[in-house]
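Below are the chains, spelled out letter by letter.
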Amino acid sequence: MFGLSALFLARFQFAFTVGFHIVFPAFSIGLAAYLAVLEGLWLKTGRSAYLDLFKYWLKIFSVVFAMGVVSGLVMSYEFGTNWSQFSQKAGPILGPMLAYEVMTAFFLEAGFLGVMMFGLNRVGKGLHFGATCMVSIGTLISMTWILASNSWMQTPQGYIIDEATGRFLPGNWWQIIFNPSFPFRLVHMGLAAFLSVAFIVAGVAGWHLLKARREGRQASEQVRLMFSMAMWMAAIVAPVQFLAGDTQGLNTLEYQPAKIAAMEGDWDSEGRAPEILFGIPDMENETTHYKVQIPLLGSLILTHSLDGKVPGLKDYPKDLRPYSPLLFFSFRIMIALGSLMVLVGLWSLFLRWKGSLYDNAMLHRVALWMSPAGFVALLCGWITTEVGRQPFTVYGLLKTSDSVSQIALPSMATSMIAFVIVYFIVFAGGITILLRSFAQEPHPGEEGPSEHEPQMSAGTTQVSHHPHNAGLAE
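Small disclaimer: the values here were computed from a predicted structure and weren't measured. (Residues numbered from 1 in each chain as written. Predicted model: local features only at pLDDT ≥ 70, side-chain atom pairs only at ≥ 80, totals over all residues. Heavy atoms only, no water.)

Caption draft 1: Inspection of the packing of aromatic side chains at higher detail. Summed over all chains, the structure comprises 19 aromatic pairs. With a centroid separation of 5.4 Å and 45° between ring planes, the pair formed by F27 and F375 is classed as tilted. A residue pair is termed long-range when its members are at least 10 positions apart, and F27 in helix α2 (residues 23–45) and F375 in helix α13 (residues 373–387) qualify at 348 residues. F375 carries the same exposure label as F27, and that label is buried. Site record: aromatic cluster; members linked through ring pairs are Y34, Y56, W57 and F438. R47 extends its terminal NZ or CZ atom over the ring of Y50, reaching a point 5.4 Å from the ring centre. The positively charged end of R214 is found above the aromatic ring belonging to W207, 5.6 Å away from the centroid. (Phe/Tyr/Trp six-rings, centres within 6.5 Å; stacked < 30°, edge-to-face > 60°. Helix = DSSP H or I, 4+ residues; strand = E, 2+ residues; numbered from the N terminus. Buried < 20%, exposed > 50% of the residue type's maximum accessible area, 1.4 Å probe, protein only. Lys NZ or Arg CZ within 6 Å of the ring centre and 35° of its normal.)

Caption draft 2: View of unusual backbone geometry. Look at the link from Q390 to P391: it is a cis peptide, with omega at 10°. Tracing the sequence through the fold places P391 in the loop between α13 and β7 (392–394). Non-glycine residue E286 carries a positive phi angle of around 55°. Mapping E286 onto the fold places it in the loop between β4 (275–282) and β5 (287–294).

Caption draft 3: Quick look at the nonpolar core. Core analysis: the biggest nonpolar cluster contains 122 residues, and W57 and F61 have the highest contact counts within it. Per-element accounting of this core gives the leading share, 18 residues, to helix α3 (residues 48–81). W57 has contacts with L31, Y34, L35, L38, I200, V201, V204, M226 and F438, leaving out every residue within four places of it along the chain. (Core = buried A, V, L, I, M, F, W, Y, C linked by side-chain atoms within 4.5 Å. Contact = heavy atoms within 4.5 Å.)

Caption draft 4: View of the pairing of β5. Where β4 meets β5, 6 bridges bridge the pair, whose relative direction is antiparallel. Its bridge partner being in β5, E275 is matched across the sheet by I294. Taken together, β4 and the strand that follows it, β5, pair antiparallel across an intervening segment of 4 residues, in which E286 is found at a positive phi of about 55°. (Pairing = 2+ DSSP bridges.)

Caption draft 5: Local environment of the packing of helix α1 (residues 6–21) against α3. α3 packs onto α1 with a crossing angle of 155° between their chain directions and a minimal axis gap of 8 Å. As the angle between them shows, α1 and α3 are arranged roughly antiparallel. Note that α1 runs across α3; the crossing there is left-handed. Here Q13, F14, T17, V18 and H21 of α1 come into contact with α3, specifically with G68, S71, G72, V74, M75, E78 and F79. Partitioned by chemical class, the residues of the contact of α1 with α3 number 5 nonpolar, 6 polar and 1 charged. (Axes fitted to C-alpha atoms, helices over the stretch in contact; angles between N-to-C directions. Parallel < 35°, antiparallel > 145°, perpendicular 65-115°, else oblique. Left-handed = near helix turned anticlockwise from the far one by under 90°. Nonpolar A, V, L, I, M, F, W, Y, C, P; charged D, E, K, R; others polar.)

Caption draft 6: Expanded view of the environment of L108. Along the chain, L108 falls in helix α4 (residues 84–118). What makes L108 buried here is its relative accessible area of 18%. Measuring from C-alpha to C-alpha, the distance between L108 and T288 comes to 49 Å, with 180 residues separating the pair along the chain. If we ignore the near neighbours within four places in the chain, the residues touching L108 are L113, M134, I137, G138 and I141.

Caption draft 7: Structural detail: the environment of I433. With respect to the helices, strands and loops of the structure, I433 is situated in helix α14 (residues 409–439). I433 sits in the partly exposed class, given a relative accessible area of 44%. Taking the C-alpha atoms as reference, I433 lies 17 Å from V422; in sequence the two are 11 residues apart.

Caption draft 8: Quick peek at the pattern of salt bridges. Tallied over the full model, the rule gives 11 salt bridges. Among the salt bridges present, the one from R332 reaches E264, with a minimum N-O distance of 3.6 Å. Here E264 lies in helix α9 (residues 257–264) and R332 lies in helix α11 (residues 324–354), a separation of 68 residues in the sequence. Across the pair, exposure class does not vary: R332 and E264 are buried alike. Between R389 and E386 there is a salt bridge, with its nearest N and O atoms 2.9 Å apart. What you see here is one network of salt bridges that share partners, running through R185, E386 and R389. (Salt bridge = Lys/Arg side-chain N within 4 Å of Asp/Glu carboxyl O.)

Caption draft 9: Spatial organisation of the packing of α2 against α13. In the contact formed by α2 and α13, the axes pass within 11 Å of each other and the chain directions differ by 125°. As summarised for this structure, α2 and α13 are arranged oblique, according to the angle between their axes. The chirality of how α2 crosses α13 is right-handed. Here V23, A26 and F27 of α2 come into contact with α13, specifically with F375, L378 and L379. When grouped by side-chain class, the residues that make up the contact of α2 with α13 number 6 nonpolar, no polar and no charged.

Caption draft 10: Focus on the environment of F199. Residue position: F199 is located in helix α7 (residues 182–214). You can call F199 buried: its relative accessible area is 1%. Put simply, F199 and R389 are 190 residues apart on the chain and 29 Å apart in space, counted from C-alpha to C-alpha. Those residues in contact with F199, other than ones at most four positions away along the chain, are A234, M341, V344, A367, M370 and S371.

In short, shape yes, function no, at least from these values alone.
So this is what it looks like as structure tokens:
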């Protein structure tokens, strides 16, 4: 597929670091919103179980937020060390947008995080709820700026190219920020974060429901409540996510048809095209082997018309084609997991109607097994999005090969090995802490994070704190 080169290692290094990183900001986005909902419901109803769940998940949020900051810090340096040409040429556009993120989202998160974490018994209830909401809004604003930046790289507009330097200069900031793919990707990513956290919450609740069953007792009110809330989220958001994905697909077909062709494993453009459910794309022989397909469905899904024309990879020069095998399978894994989430949500509605939501052990086991499904689907979607843009960093304008720094292969290999070792050590510890926290059942009188325990400060470079930071080189 790729020869071993400094370019390949630079791409792999960025993919490796952002692959670890993206999970934690998405977790923070969804969990911050969940915390705001829990505290709001406690204030409205006075039901102590909501407060117990708020404190329980607040402890987990502190770990997740810290891991998001730590994992993203490295990427800031990679822009300067590995991707200096990209930074130089695209910096006049992407730099200000990342600065806007710091001036808006960072101030909210850094300013109110301490109050949210440790101020419940120190400030008024209304003020504390306001701080929680500000942190949640901050994560959403940060996601908005990062996705605006990344979406501009997918569907660039509003720029001027300096003929002397080849740099992208801002011509119309409104067009730059609200580029054609941005609204669709913003909705899709936001729903993905909420859905991923819903299935984590459902998995934790499922574990404790099964444990209570094994011990011959009824699960606590807190466990049943968070399972119910997670299943409502799955039942409502998972189908909506499919609709959001469909609109993004239509947008991608319009602006990045080569990506669609690679995702579908289609080589020849045709109308009334079938949908390939399974196959093995062959880049060298320009075909997809062992196809299992449904007639007409490809055109119907992609164009909403049986006669719609679907693009093929042969329409594009070989050196401008995304790598179809990776896109083909990552896209299908994402769709398969999304379909399972919809089925779990519908199943929970049926059991809720029957009055057996908390008694069906099979649903609880499925919820436990599927707890990481949202994040796996999110990673597959990110791979599909970013690999599908190749061989460009700025789609159609700046190639990845022209974006990399002039770094020797041994130096790149050394840093790659160091990153792999450090990341696995650090994140093995972080995941262990999270799993131990999940294993503890929320209970009445739950305590929040201790103000005497060291916590990661939010005051770390915010450029790489949130998902889809640049998606340069996967």
